[in-house]
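The primary structure of each chain is shown beneath.
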Amino acid sequence: MRPLSALALVSALTVTAATAEEACTMEHAVYSDGELGYALTFRPGKSWEMPGMTSLVYELTLPDGRQLWGGVASNMGTSREVGSLHSGCERPGLDDPDLTDAQIAECRVWHNNVYALADGRITGLPFADEVPPPSLVLADIGRALRYSVLTGPGEEPWDQFDLVGCK
């Protein structure tokens, strides 16, 4: 390939990647821990999955293929967004009764703050229809997973997940 053609190809790919990133919204963002194979996939929430102040819905796929489900809730804009992950109970569907507080507590494996990381600064999460940040920080998720659903040390992700695509 001639140097000019290679430069043109790189430029075209860069524009395509930038355009795809600009079109991506938070509710379609996919993040990865980048090391062990964890994938955090956001998706549009169905009406019955969005109780109270829930603003985002996601699944965390573990390296072994298991999926945990969860969401992000806010507190009237004055507190930090809080994420949750659940394992051992199914996410209720349209015709299912809501989980009781006891059922939620029994299957919740992580409940802590979620932050956006952009331009070296920690900020709040964008709304579902806004551009996703380059990274997320899920406070203490590694330790929580280590002592709830994982079988040994070294299997847990770090708290930072990087944007890898859009679904």
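Relevant structure appears above.
The sections below set out a description of the structure shown in this document.

Calculation criteria
Residues numbered from 1 in each chain as written. Predicted model: local features only at pLDDT ≥ 70, side-chain atom pairs only at ≥ 80, totals over all residues. Heavy atoms only, no water. Phe/Tyr/Trp six-rings, centres within 6.5 Å; stacked < 30°, edge-to-face > 60°. Helix = DSSP H or I, 4+ residues; strand = E, 2+ residues; numbered from the N terminus. Buried < 20%, exposed > 50% of the residue type's maximum accessible area, 1.4 Å probe, protein only. Core = buried A, V, L, I, M, F, W, Y, C linked by side-chain atoms within 4.5 Å. Contact = heavy atoms within 4.5 Å. 1 Å grid on protein atoms, 1.4 Å probe; cavity = no way out; pocket = protein on both sides within 12 Å on 5 of 7 lines; lining within 4 Å. Points joined across faces, edges and corners; volume = space filled by probe spheres on them. Nonpolar A, V, L, I, M, F, W, Y, C, P; charged D, E, K, R; others polar.

Here's the deal with the packing of aromatic side chains
Here comes step 1: Considering all chains together, one arrives at two aromatic pairs under this definition.
Here comes step 2: Judged by centre distance (6.0 Å) and plane angle (75°), the rings of Tyr31 and Phe42 are edge-to-face. One end of the pair, Tyr31, is in strand E1 (residues 29-32); the other, Phe42, is in strand E2 (residues 39-43), with 11 residues separating them in the sequence.
Here comes step 3: The class of Phe42 is buried, set by a relative accessible area of 2%.
Here comes step 4: Arranged with centres 5.3 Å apart and planes meeting at 70°, the rings of Phe42 and Tyr58 form a pair that is edge-to-face.

With respect to unusual backbone geometry
Here comes step 1: Look at Asp119: it is not a glycine, yet its phi comes out positive at around 55°.
Here comes step 2: Along the polypeptide, Asp119 turns up in the loop between strand E6 (108-118) and strand E7 (121-123).
Here comes step 3: The backbone phi angle of Asp140 is positive, close to 65°, even though this residue is not glycine.
Here comes step 4: Positionally, Asp140 belongs in the loop between strand E8 (135-138) and helix H3 (141-146).

Focus on the nonpolar core
Here comes step 1: Leu40, Phe42, Leu60, Leu85 and Leu145 are the most contacted members of the largest nonpolar core, which totals 27 residues.
Here comes step 2: Elements with a minimum of two residues in this core: E1, E2, strand E3 (54-61), strand E4 (67-73), E6, E8 and H3.
Here comes step 3: At four residues, E6 tops the list of elements feeding residues into this core.
Here comes step 4: Those residues in contact with Leu40, other than ones at most four positions away along the chain, are Ala29, Val30, Tyr31, Tyr58, Glu59, Leu60, Leu136, Leu138 and Phe161.

Section: the layout of surface pockets
Here comes step 1: Estimates place the volume of the largest pocket at around 620 Å³.
Here comes step 2: Lining of the largest pocket is provided by 27 residues; of these, Glu49, Pro51, Thr54, Trp69 and Ile104 occupy positions nearest its centre.
Here comes step 3: Of all elements in the fold, only E3, E4, strand E5 (82-86) and E6 reach the threshold of two or more residues within the lining of the largest pocket.
Here comes step 4: Sorting elements by how many residues they give to the lining of the largest pocket places E4 first, with five residues.
Here comes step 5: By residue class, the composition of the lining of the largest pocket is 12 nonpolar, 10 polar and five charged.

From the geometry alone we can't say anything about function, so treat these as descriptive.
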